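# An overview of the molecular structure
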Amino acid sequence: SHLAQTITHFAPSSAVDVKLLVGGEATYAALHEAIAGAKHHLHLEYYIFEPDQTGMPLRDALVAKAREGVRVRLLLDAVGSAKLSKSFLAPLVDAGVEIGWFHPVKLRRIWRPRINLRNHRKIVVVDGCIAFTGGINITDDENEAVNPKAFHDLHMRVEGSIVRWLQLAFLEDWHYATGTALRDEKLWPEPREGTMLAHALPSGPDSVWESIHRVKVEAIHQADKRVWLVTPYFVPGEAARMALTSAAMRGLDVRVVVPARSDSILVSAAARSYYDELLASGVRVFEYQPRMLHSKALLVDDDTCVVGSANFDHRSFRLNFELSLLLHDRDLAKELEQEMEATLAHCREVKSGDPPLPFLRRLADNATRLLSPVL
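Residues numbered from 1 in each chain as written. Predicted model: local features only at pLDDT ≥ 70, side-chain atom pairs only at ≥ 80, totals over all residues. Heavy atoms only, no water.

### Comments concerning the pairing of strand 15 (residues 304–308)
Burial analysis of strand 15 places five of its five residues in the buried class, the great majority of the element. Residues Thr 304, Val 306 and Gly 308 point to one face of strand 15 and Cys 305 and Val 307 to the other, with burial holding for every one of them. With four bridges joining them, strand 14 (residues 297–300) and strand 15 adopt antiparallel strand pairing. Of the residues in strand 15, the one forming a bridge with Leu 298 is Val 306. Here strand 14 folds back onto strand 15, and the loop between the two strands holds three residues, one of which, Asp 301, carries a positive phi near 55°. Where strand 15 and strand 17 (residues 322–328) come together, five bridges link them in antiparallel fashion. Across the sheet, Val 306 pairs through a bridge with Leu 326, a residue of strand 17. (Buried < 20%, exposed > 50% of the residue type's maximum accessible area, 1.4 Å probe, protein only. Helix = DSSP H or I, 4+ residues; strand = E, 2+ residues; numbered from the N terminus. Pairing = 2+ DSSP bridges.)

Here is the structure:
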């Protein structure tokens, strides 16, 4: 936490309550319930918001609250949410919802580096008292209620003073994207202090310190018992790779869980190129079989969790604007452990003695690794 504060300038905080939400169906249900109870404001920030069976009911819920007099602000990434049409957004605009676009793509500026710098954060703040964050976007691709092949993912609903830091992250992004600074005192209700240590970790190319990357690597270095990592995209740099392999060689229980079938062929190929090194050091590698694994979580020992939007790759650590939560709590760690064990039950463990992949496949995997800095 001291390292995180030095890097991010976000102070350690606390949570009164944290609910681990497994899957989109549970997340959207909790989100709609919280939105229905909003009295003053709703702040939403998403990478992907799609006009589908998941996105339309949420849009309509926001329209209804705006018509009740609740101030609704919606910040969307211009690339991730590119499918939203003017006709889909029109009811929001007509109801008075304020919409901001992060790094809009314009032909005359398409050569600029920022087109590659996306806002991958998922933040919802309700009246400054309840917040949501994690890995789940607004899309049928993550909603088991409408899509049996929906991504397996994690999200969190939090209460307590940690909400103030998620609010600040949203307001900074809103100011950057729209040029508007929001100074309403009602955005900052009296904080509720809890017993769970919580720390918001914003990260992005606006800082050279790679806060989420550094905190995860440091947490792995400080581990005494185990390091369990679940990530959809595994393209570690040298520091992260050495942290994992060193932990395994120290005798810790180190596990890396990735999808067997990813939605990115290039990232999956690059990830496989690291298997030999991981296995040789004692790291156990598991491939999740049923569907796309989209969870992004790190469990260290019996009390430390990092959950959020950041993958374990260069793009999340260096190029995207991301947000994760560092949480210290044995009960939450136990809950995350149980969720990871349920995930592992549907995995195939990769063994060093497995039949080797065909030569051309291995050649392609290793060639793809050359693209790691931009994957």
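### Re the layout of surface pockets
Taken as a whole, the largest pocket spans an internal volume of roughly 580 Å³. Along its surface, the largest pocket is lined by 28 residues, and Arg 272, Tyr 275, Asp 276, Val 350 and Leu 357 are the ones closest to its centre. Among the elements of the structure, strand 12 (253–259), helix 8 (265–272), helix 9 (275–281), strand 18 (347–350) and helix 12 (359–368) are those that each provide at least two residues to the lining of the largest pocket. (1 Å grid on protein atoms, 1.4 Å probe; cavity = no way out; pocket = protein on both sides within 12 Å on 5 of 7 lines; lining within 4 Å. Points joined across faces, edges and corners; volume = space filled by probe spheres on them.)

### Notes on the packing of helix 6 (residues 211–222) against helix 7 (residues 238–249)
Closest axis-to-axis distance for the helix 6/helix 7 pair is 9 Å, and the angle between their directions is 15°. Here helix 7 runs roughly parallel to helix 6, going by the angle between their axes. In this structure, helix 6 crosses over helix 7, and the sense of that crossing is left-handed. Contact residues: His 213, Val 217, Ile 220 and His 221 in helix 6; Ala 239, Ala 240, Ala 243, Leu 244 and Ala 247 in helix 7. (Axes fitted to C-alpha atoms, helices over the stretch in contact; angles between N-to-C directions. Parallel < 35°, antiparallel > 145°, perpendicular 65-115°, else oblique. Left-handed = near helix turned anticlockwise from the far one by under 90°. Contact = heavy atoms within 4.5 Å.)

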